[in-house]
Amino acid sequence: MAGHGGNVIHELKTDHREIEELFARIRSAATGTERKELLDDVTVELVRHSIAEEAHLYPAVRAHVPAGEVLADKEVEDHARVERLLKAIESTAADDPALPGLAATLIEEVTSHIQEEERELFLALQASCDDGELDRLGDRIRRAKATAPTRPHPGAPSSPAARKVLAPGVGLVDRVRDHLTGRPGR
């Protein structure tokens, strides 16, 4: 999932469609090994996407959207739940009978999150920000995804300031681990 261009809403909706495509492939995976590889791919994309949202999107929602604190807090809670699921999936073997259930729970949680985000948060942000601000946010999101971690770190601080400072270093360590283990980190 590279940067797609456009404003923040276009950027993130394009990410969402790519994640949904990966989910369809996970659902139809013929083997546990194929499912596990696809789950690794979706983990990379979800972690990058979440880091970028927490560092840039949610602070903008808090600053610009009426009742933005409530919206942003709920989104961060959703991310924390998903990150714990991703960590559980990461430590589950391809042939473990628990893996299909974990995958189904992940798909359900993320699909619900995507629907709420697009139905509520994106519309509220679009109504509260001018086109220039939405474009600037899109640029920030793309830059953040480029250096974000590729593995779940549920114990890491989730404040926007901490994410901005720590994410590039953690991302570098994750990419080195990905390279050494042969895991796709894109």
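The following paragraphs examine the structure supplied in this document. Worth saying up front: this structure is predicted, and the values here are computed from it rather than measured. (Residues numbered from 1 in each chain as written. Predicted model: local features only at pLDDT ≥ 70, side-chain atom pairs only at ≥ 80, totals over all residues. Heavy atoms only, no water.)

As for the nonpolar core
Item 1. Grouped together as the largest cluster of nonpolar side chains are 23 residues, with contacts concentrated most on Phe23, Ile26, Leu39, Val42, Leu46, Leu106 and Val110.
Item 2. Of all the elements in the fold, those that place two or more residues in this core are helix 1 (8-27), helix 2 (32-64), helix 3 (68-90) and helix 4 (99-128).
Item 3. Ranked by residue count, the leading element in this core is helix 4, at 7 residues.
Item 4. Listed in part, the 21 residues of the second largest apolar core include Val61, Val65, Val76 and Ala144. (Core = buried A, V, L, I, M, F, W, Y, C linked by side-chain atoms within 4.5 Å. Buried < 20%, exposed > 50% of the residue type's maximum accessible area, 1.4 Å probe, protein only. Helix = DSSP H or I, 4+ residues; strand = E, 2+ residues; numbered from the N terminus.)

Describing the environment of alanine 52
Item 1. Note that alanine 52 resides in helix 2.
Item 2. For alanine 52, a relative accessible area of 0% translates into the label buried.
Item 3. Put simply, alanine 52 and leucine 137 are 85 residues apart on the chain and 10.0 Å apart in space, counted from C-alpha to C-alpha.
Item 4. Discounting chain neighbours no more than four positions away, the residues touching alanine 52 are Leu57, Ile141, Ala144 and Lys145. (Contact = heavy atoms within 4.5 Å.)

Topic: the pattern of salt bridges
Item 1. Counting across every chain of the model gives 15 salt bridges.
Item 2. Close ionic contact of glutamate 90 with lysine 87 constitutes a salt bridge, the shortest N to O distance being 2.9 Å. Taken together, the positions of glutamate 90 and lysine 87, both in helix 3 and 3 residues apart, correspond to about one turn of that helix.
Item 3. Relative accessible area serves as the criterion here: at 23%, glutamate 90 is assigned to the partly exposed category.
Item 4. Overall, lysine 87 belongs to the partly exposed group, its relative accessible area being 34%.
Item 5. Salt bridges linked by common partners bring Glu11, Asp15, Asp139, Arg142 and Lys145 together as one network. (Salt bridge = Lys/Arg side-chain N within 4 Å of Asp/Glu carboxyl O.)

Quick word on helix 3
Item 1. Compared with the 33 Å implied by 1.5 Å per residue over 23 residues, the 32 Å span of helix 3 between its first and last C-alpha is a close match.
Item 2. Every buried residue of helix 3 is listed here: Gly68, Leu71, Ala72, Glu75, Val76, Asp78, His79, Val82, Glu83, Leu85, Leu86 and Ile89. (Expected span 1.5 Å × (residues − 1).)

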